[in-house]
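# Observations on the model geometry
Listed here are the chains, written in short residue letters.
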Amino acid sequence: MDIIKKWMKHALKATTEFLKYRKSLYMIPLFFMIMAVLIVSVLYFLFQTDLFSDEPEEEAEYESIAIDFDQGSDVSFNGETIIIDPGHGGKDPGASSVSGQTEAEIVYSIAEKTEDILVSNGANVEFTRAQDEFASLDERKADGDLFISLHSDAMEDPSITGFTTFYTYDNQKEFAEMMNESLDKYSDFRNRGTNQSNFQVTWQLDYPATLIELGYLSNEIDERMMSSEDYQDLMAQAIAEGIYNYLN
Ligand SMILES: [Zn+2]
């Protein structure tokens, strides 16, 4: 930075001199020449040090390492029974989206992708409903080690966006929080936090359970992302990783 200071001094000096002798015509082109040399030098200096530097970039302080759930990896869910509750279904489509895909369809698709990851890594997975089937909230009460209810919200205000995780009892809080953390790692949606709530699906269970609102179908960006295969794969990875982190 000393060099820049030095140049600044020169520029100041040149400017004062220019003002002093502004009546002399030859000072004007000289002044512009000095300024041109200064500008080019400063630009050269900046590009040299920052943009074309061969030095390796500093590593980010926090590096998130995705858990490798591919078949053949060491990750194991050790036979834990995970209940996946895809929200709505059958005569109850849930929230509808701009593209026409319903909440029931989107969460079912994410549920299936999550099941694939979990089962191929040693977990037992049970669904609370079949595809295109209606299940009452009472019927969604199932025994297991962990319970995840998948939903996506809709609001009248299309600007509302983001994901939220919910729990009812203290013994469900940590699971809901870890699921929120994992979603935060994978999703660019606004994180609306982990909240206590009396949703029946978590309220009627006495073991770690969480209800996840993955995003808002009433928001154009949330909806477009959630309808896409890629984002659904990402959410399945996030959910599986959240479960794994909680169990380990
Ligand atoms: Zn819902």
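Source: prediction; values computed, not measured.

## Let's talk about the overall build of the chain
Of the regular secondary structure elements, the chain holds seven helices and six strands. Starting at the N terminus and ending at the C terminus, the chain contains elements arranged as α-α-β-α-β-β-β-α-β-α-β-α-α. A buried classification covers 35% of the 248 residues belonging to the chain. Long-range pairs, those at least 24 residues apart, make up 78% of the contacts in the chain with a sequence separation of at least 6.

## Points about the confidence of the model for the chain
On average, residues of the chain score 87 in pLDDT, and 87% of them reach the 70 mark or higher. Confidence over residues 55-63 falls short of pLDDT 50; this stretch has zero contacts with residues more than four positions distant or in other chains.

## What to know about the sheet that holds strand β1 (residues 81-86)
The sheet built from six strands is open, its strands ordered β2-β1-β3-β6-β4-β5 with mixed pairing. Edge positions in the sheet fall to β2 (124-127) and β5 (191-196), since each has one partner strand and no second. Across the sheet, the axes of successive neighbouring strands diverge by a mean angle of 20 degrees, strand direction being ignored. In the packing of helix α4 (residues 170-186) onto the sheet, the strands contacted are β3 (146-153), β4 (163-167), β5 and β6 (209-216), and the crossing angle to β4 comes to about 170 degrees.

## A closer look at the nonpolar core
With 46 residues, the main nonpolar core has Ile82, Ile148, Met235 and Ile239 as its most contacted residues. Elements that contribute at least two residues to this core include exactly β1, α3 (103-119), β3, β4, α4, β6, α6 (220-227) and α7 (229-247).

## Thoughts on the packing of α3 against α7
The contact between α3 and α7 brings their axes to 8 Å, and the two run at 50 degrees. On the basis of their axis angle, the class for α3 and α7 is oblique. Relative to α7, the crossing made by α3 is right-handed. Contacts from Ser109, Ile110, Lys113, Thr114, Ile117 and Leu118 of α3 reach α7 at Gln232, Asp233, Met235, Ala236, Gln237, Ile239 and Ala240. Taken together, the residues of the contact of α3 with α7 break down into seven nonpolar, four polar and two charged.

## Description of the pairing of β1
For β1, a buried count of five out of six residues is recorded, marking the element as mostly surrounded by other parts of the structure. Where β1 meets β2, four bridges bridge the pair, whose relative direction is parallel. Note that in β2 the partner of Ile82 across the bridge is Val125. Of the crossover connections in this fold, the one passing from β1 over α3 to the parallel β2 is right-handed. Direction of pairing for β1 relative to β3: parallel, over a ladder of five bridges. By the bridge assignment, Asp85 is partnered in β3 with Ser149.

Calculation notes
- Residues numbered from 1 in each chain as written.
- Predicted model: local features only at pLDDT ≥ 70, side-chain atom pairs only at ≥ 80, totals over all residues.
- Helix = DSSP H or I, 4+ residues; strand = E, 2+ residues; numbered from the N terminus.
- Buried ≥ 20, exposed ≤ 12 C-beta atoms within 10 Å, placed from the backbone.
- Contact = placed C-beta atoms within 7 Å.
- pLDDT = per-residue confidence, 0-100.
- Pairing = 2+ DSSP bridges.
- Axes fitted to C-alpha atoms, helices over the stretch in contact; angles between N-to-C directions.
- Core = buried A, V, L, I, M, F, W, Y, C linked by C-beta atoms within 7 Å.
- Parallel < 35°, antiparallel > 145°, perpendicular 65-115°, else oblique.
- Left-handed = near helix turned anticlockwise from the far one by under 90°.
- Nonpolar A, V, L, I, M, F, W, Y, C, P; charged D, E, K, R; others polar.
- Right-handed = clockwise from strand over helix to strand, strands pointing away.

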